[in-house]
Amino acid sequence: MENRFVTWLEIDLSAIEDNVRRLCALTGTPLMAVVKANGYGHGASQVARAAASGGAAWLGVARLAEALELRAAGLRLPILILGVVSVAEVEAAVAAEVALTVPSVELARAYGQRATALGMQARIHLKVDSGMGRLGVLPNEALAVVHEVQRNTALRLEGLFTHLARADEHDPAPTRAQLTAFQSVVDGLSEEGRPLPILHAANSVAALNFPESRMGLVRVGIAMYGLHPSAEAPLPEGFRPALTWKAQLASCKELPKGHGVSYGHEYVTRGREIIGAIPLGYADGFRRARPNTVLIKGARVPVVGRVCMDQCMVRLPAPLPLGTEVVLIGRQGSQVISAEEVAVRWDTNNYEVVTGLSARVPRLYTGER
Ligand SMILES: *Cc1c(COP(=O)(O)O)cnc(C)c1O
């Protein structure tokens, strides 16, 4: 088949759907598919649809624009914006039936005032900072904020949640301490005898490894994409990565000994060498970090010289036809370069690798059911 693009991502939506189904079975809990940052680079609306087919009950995003994109694509599941919205964005969020995170008493008041002025009621999830040190009201202040929210008819307290900072590590103690702190707020609320909002605390790794964190909803991102939460907390057997990054070999030529390759001539041929060019670079999300490796003809070949904005070069064992398939992330024959391997090379995590794949790389979808 002739390829339309010089570089592209192949996203296997059946992997996402199967991963979600597996997560639902493993956790036995309603699942929020977290599709922020364009579905971790995989494509938000396509991932959201596949997740819905796999049994997801909620969608989670970070920004209002991401929520509106899902609504525009026809997704009707409940949506929670996990990040912060500006007061000016409240109207559009409420109109699109999107729930807001309230990260502080100040924003609870500001959202309430705006909703009152608009004659609207905003659905909110109050965030408790049980130890992340990021967004949220501290546990000892949380009940007072809940009471203030409950008195405000422009706000409807739909959820109460927290976020875990260290659930991907071997030591369970910090996670247990956070869950205990969150539970103290929940216990205080239970004693008041009113119906409890939806309680949630778990990200992927906690949903898998801390059953007590599952509560009323698990917020799952990385595991749904078939990517490991961390080296210390790998996925169980059976999950499949959905993303493969491919390109076509754009040029292939023999260079004489002593010939420089790419900016700065950091690499110089050590003899007659076959140097290929691949039409992608750091503007696509392929970093300048060294060393880099790609798959061609089922074998690992080294990237040589500096990665440029739109190209990078490889040293080939033999001349190859133009258009030969190159795999940057994924499987080719018996070889695999995982997002986790690339993350180690780039001194980061797999989340940053996939969310860093830029918008100009086309996404092609397979496995739609
Ligand atoms: C991104 C995010 C998640 C998903 O985390 P994963 O580790 O990808 O499962 C869950 N909750 C919140 C609040 C988030 O911001």
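Further up the page is the structure itself.
Here the structure is a predicted model, which means the values were calculated and not measured. (Residues numbered from 1 in each chain as written. Predicted model: local features only at pLDDT ≥ 70, side-chain atom pairs only at ≥ 80, totals over all residues. Heavy atoms only, no water.)

Of the regular secondary structure elements, the protein chain holds 11 helices and 20 strands. Principal-axis analysis of the C-alpha atoms gives the protein chain an extent of 80 × 45 × 40 Å. Scored against the burial criterion, the 369 residues of the protein chain give a buried share of 53%. Entry remark: accessible area of the protein chain is about 16,100 Å², with carbon and sulfur atoms responsible for 52%. Positive and negative charge centroids in the protein chain, built from 38 and 35 side chains respectively, lie 5 Å apart. (Helix = DSSP H or I, 4+ residues; strand = E, 2+ residues; numbered from the N terminus. Buried < 20%, exposed > 50% of the residue type's maximum accessible area, 1.4 Å probe, protein only. Areas by Shrake-Rupley, 256 points an atom, 1.4 Å probe, with all protein chains shown as cover. Lys, Arg positive; Asp, Glu negative; His and termini not counted. Charge placed at Lys NZ, Arg CZ, Asp CG, Glu CD.)

This part covers the layout of surface pockets. Taken as a whole, the largest pocket encloses approximately 760 Å³ of empty space. The wall of the largest pocket is formed by 34 residues, among which Y40, H163, N203, N349 and Y351 lie closest to the centre. Of all the secondary structure elements, the ones that give two or more residues to the lining of the largest pocket are α2 (36-40), α9 (204-209), α10 (339-345) and α11 (350-355). A breakdown of the residues in the lining of the largest pocket according to their chemical character gives 17 nonpolar, 10 polar and 7 charged. Of the pockets and cavities examined, the second largest pocket occupies roughly 390 Å³. Contributing to the lining of the second largest pocket are 23 residues, with G226, R240, P241, V336 and S338 lying nearest its centre. When its residues are assigned to classes, the lining of the second largest pocket shows 12 nonpolar, 6 polar and 5 charged. (1 Å grid on protein atoms, 1.4 Å probe; cavity = no way out; pocket = protein on both sides within 12 Å on 5 of 7 lines; lining within 4 Å. Points joined across faces, edges and corners; volume = space filled by probe spheres on them. Nonpolar A, V, L, I, M, F, W, Y, C, P; charged D, E, K, R; others polar.)

It is worth spelling out the state of the cysteines at this point. Considering all chains together, one arrives at 0 disulfides under this definition. Sulfur of C308: no disulfide; nearest cysteine sulfur belongs to C312 and is 7.9 Å away. The buried category is assigned to C308, whose relative accessible area is 11%. Residue C312 is classed as buried on the basis of its relative accessible area, which comes to 0%. (Disulfide = S-S within 2.5 Å.)

On to the site of the ligand, then. Residues in close proximity to the ligand include V34, K36, Y40, L82, H163, N203, S204, R219, V220, G221, I222 and Y351, which together make up its full environment. At a separation of 2.5 Å, an oxygen atom of the ligand approaches a polar side-chain atom of S204. At 2.9 Å, a backbone N or O of G221 approaches an oxygen atom of the ligand. Notes on the ligand: free accessible area 390 Å², of which the protein chains cover 92%. (Near = heavy atom within 4 Å. Polar contact = N/O pair within 3.5 Å; in protein donor to acceptor, adjacent residues only side chain to side chain.)

By themselves these figures say nothing about function.
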